[in-house]
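Structural overview
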Amino acid sequence: MENEIKSVVVAGAGTMGAGIAQAFAQAQFETVLVDLSEQQLNGALNKITSSLKKLAQKGKIAEGEIETIVGRIRVSTELKEQPDADLFIEAIPEQLSLKTEMFQIADAIFKPHTVFASNTSGLSITRLASATSRPQKVIGLHFFNPVPLMKLLEIVVGESTSKESLHVAMWISKQLAKEAIVVRDSPGFATSRLGIAMAFEAIRMLEDKVASAEDIDKAMTLGYGHPMGPLRLTDLVGLDVRLAIGENLRHSLGQTQFEPPALLREMVKEGKLGQKTGRGFYLWDISVS
Ligand code: CAA
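The following refers to the structure shown. Every value quoted in this text rests on a predicted model; they were computed, and no experiment measured them. (Residues numbered from 1 in each chain as written. Predicted model: local features only at pLDDT ≥ 70, side-chain atom pairs only at ≥ 80, totals over all residues. Heavy atoms only, no water.)

Description of the packing of helix H7 (residues 191-207) against helix H10 (residues 239-253)
What counts here: Axis lines are fitted through C-alpha atoms, for helices just across the contact stretch, and the angle between N-to-C directions can take any value from 0 to 180 degrees. Each helix corresponds to a stretch of at least 4 residues labelled H or I by DSSP, and each strand to a stretch of at least 2 residues labelled E; elements are numbered beginning at the N terminus. With respect to orientation, any angle under 35 degrees is reported as roughly parallel, any angle over 145 as roughly antiparallel, any angle of 65 to 115 as roughly perpendicular, and every other angle as oblique. Only heavy atoms enter the contact rule, under which two residues are in contact if any of them lie within 4.5 Å. Residue polarity follows a fixed list, in which Ala, Val, Leu, Ile, Met, Phe, Trp, Tyr, Cys and Pro are nonpolar, Asp, Glu, Lys and Arg are charged, and the others, Gly among them, are polar.
Running from N to C, H7 and H10 point in directions that differ by 110°, and their axes come no closer than 10 Å. Viewed along their axes, H7 and H10 adopt a mutual orientation that is roughly perpendicular. Each of Ser192, Arg193, Gly195, Ile196, Ala199 and Phe200 in H7 lies in contact with H10, whose residues at this interface are Arg242, Ile245, Gly246, Leu249 and Leu253. Partitioned by chemical class, the residues of the contact of H7 with H10 number 6 nonpolar, 3 polar and 2 charged.

Remarks on the site of the ligand
Short version of the rule: Residues are counted as near a molecule or strand when any one of their heavy atoms sits within 4 Å of it. Any pair of N or O atoms that falls within 3.5 Å is considered a polar contact. Within protein, one atom must be able to donate a hydrogen and the other to accept it, and sequence-neighbouring residues count only if both atoms are side-chain atoms. In these tables, accessible area is a Shrake-Rupley quantity obtained with a 1.4 Å probe, and a residue counts as shielded only by the protein chains included in the view.
Taken together, 16 residues form the shell around the ligand, and within it Ser51, Lys54, Ser121, His142 and Asn145 come nearest. In the environment of the ligand, an oxygen atom lies 2.7 Å from a nitrogen or oxygen atom belonging to the side chain of His142. With respect to the ligand, the backbone of Asn145 contributes an N or O atom lying 2.8 Å from a nitrogen atom. Considering the ligand on its own, with 1,000 Å² of exposed area, one finds that the protein chains cover 63% of that surface. For the shell around the ligand, the secondary-structure elements that each account for two or more residues are helix H2 (38-57) and helix H9 (230-237). The biggest single contributor to the shell around the ligand is H2, with 3 residues. In terms of residue class, the shell around the ligand is built from 10 nonpolar, 4 polar and 2 charged.

Examining the packing of aromatic side chains
The following threshold applies: The pairing test for Phe, Tyr and Trp rings, Trp by its six-membered ring, is centres within 6.5 Å, and the orientation test on the planes gives stacked under 30 degrees, edge-to-face over 60, and tilted for anything in between. Our definition puts a charge over a ring when NZ of Lys or CZ of Arg is within 6 Å of the ring centre and also within 35 degrees of the ring normal.
Applying the stated criterion across every chain, the model contains 8 aromatic pairs. Summarising the aromatic geometry, the rings of Phe29 and Trp171 are spaced 6.0 Å apart at their centres and angled 85° between planes, so their arrangement reads as edge-to-face. Of this pair, Phe29 sits in the loop between helix H1 (15-26) and strand E2 (30-34) while Trp171 sits in helix H6 (residues 163-175), placing them 142 residues apart in sequence. When the ring of Phe103 is compared with that of Phe116, the centres are 5.3 Å apart and the planes differ by 55°; the resulting orientation is tilted. In this pair, Phe103 sits in helix H4 (residues 96-109) while Phe116 sits in strand E5 (residues 115-118), placing the two residues 13 residues apart along the sequence. Put simply, the rings of Phe24, Phe29, Phe143 and Trp171 touch in pairs and so form one group of aromatic residues. Geometry around Tyr282 places Arg232 over its ring, the cationic atom sitting 4.1 Å from the centre.

With respect to the pattern of salt bridges
Rule in force here: Whenever Lys or Arg places a side-chain nitrogen within 4 Å of a carboxyl oxygen from Asp or Glu, that contact is recorded as a salt bridge. Any residue under 20% of the maximum accessible area for its type is buried, any over 50% is exposed, and the rest in between are partly exposed; the area is computed with a 1.4 Å probe on protein chains only.
Overall, the coordinates contain 11 salt bridges when judged by the stated rule. Residues Arg74 and Glu81 are paired through a salt bridge, measuring 2.5 Å at the closest nitrogen-oxygen approach. For the salt bridge of Asp240 with Lys276, the shortest nitrogen-to-oxygen distance reads 2.9 Å. Of the two residues, Asp240 sits in helix H10 while Lys276 sits in the segment after helix H11 (262-269), which places them 36 residues apart along the sequence. You can call Asp240 partly exposed: its relative accessible area is 27%. By sharing partners, the salt bridges in this structure join Glu247, Arg250, Glu259 and Arg265 into a single network.

Details of H11
Here is the rule: In this description, the arc belongs to the directions extending from the helix axis to the C-beta atoms.
Along H11, the residues that are buried comprise Leu264, Met267 and Val268. One side of H11 holds all its buried residues, which, seen down the axis, span an arc of 100°. Structurally, H11 contributes buried residues whose contacts are with H7 and H10. One or two residues past the end of H11 sits Gly271, with phi positive at roughly 80°.

Section: the pairing of strand E7 (residues 152-157)
Filter applied, for reference: Note on pairing: two strands pair once DSSP finds at least 2 bridges between them. By convention, a crossover is right-handed whenever its connection, traced from the first strand over the helix to the second and viewed with the strands pointing away, goes clockwise.
Of the strand pairs in this sheet, strand E6 (residues 138-142) and E7 are connected by 3 bridges, and their pairing is antiparallel. Note on E7: the bridge partner recorded for His142 is Glu154. With 6 bridges connecting them, E7 and strand E8 (residues 179-184) associate as parallel partners. When the sheet's bridge partners are listed, Glu154 is paired in E8 with Ile181. Running through H6, the crossover from E7 to the neighbouring parallel element E8 is right-handed.

Remarks on the pairing of strand E4 (residues 87-90)
By the alternation rule, side chains of E4 split into Leu87 and Ile89 and Phe88 and Glu90, which are all buried. Of the pairings in the sheet, the one linking strand E1 (residues 7-11) to E4 comprises 4 bridges and is parallel in character. Within the sheet, the bridge partner assigned to Val10 lies in E4 and is Ile89. Strand direction decides the pairing type here: E4 and E5, joined by 4 bridges, are parallel. Along E5, the bridge assignment pairs Glu90 with Ser118. Of the crossover connections in this fold, the one passing from E4 over H4 to the parallel E5 is right-handed.

Honestly, it's all geometry; don't read function into it.
Dropping the structure here:
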């Protein structure tokens, strides 16, 4: 079945959707990136081109490949444009109701053979699968930002996910040159549960004036060898994204360490969402993507 996966539709042209579409196009899959907003789609294509240029500068791809890779990505505002795609991946905002509705709509559009994947950071794959008539073909494919650089693919197996769908996911991971981990469908999976716990503690430490943002980050980069401190990473991922993941974890696991810190809520309310808006725990130059 895996060899039959040739075409991919990615819904949601935000940071993750753009990165996922790029990763598939680089791995030679014909890819359609879908979003309601044309502006968002154009922004995604610009981001993809600038990422590919960086990769070419570093000799990771040839300069001449940029056009070919971008040429494999078609953008569209219509989900129903390619109903016979082999793989459908949603990378829309982290809200169960939105994702459930997206899967219901997609279920009516795509052919029965199409495998459905969610890039959710921690919502239940089993619940998303139950919104479709093909729960055995629904799986979690959790990517990491920046998708073209991060090696991990977290594969999440729902209660109804078939062995065949897991094989397809493992095959996809190999094609994209990622390392896969396979995780049971439980809130926050492996990565978000650990990542959010550390990020929220770092924000609470900032609230308690334990140290500056720079020094809290240095504690983890220089003391623990992390490539990036938890506050800078929250800026990269998006404060709104981490707030949404934290709220889901607090709700599903009921543990107080997942209660979003007041400072995070305040900053999101003020539009300080991190790198994408130019302000988070740090200041960012938004003219450079
Ligand atoms: N495409 C191509 N190249 C990129 C890029 C992109 N999207 N983003 C950065 N780069 C390049 C930079 O241009 C830079 O190139 P040079 O070395 O030629 O200057 C190179 O990558 C290294 O970047 P930086 O010098 O800016 O910084 P760095 O050495 O710290 O590396 C990093 C950047 C790879 C992002 C590294 O800091 C890192 O691994 N950080 C942790 C990221 C992480 O934890 N991601 C997971 C977030 S959680 C998530 O995504 C899941 C979720 O559910 C929300």
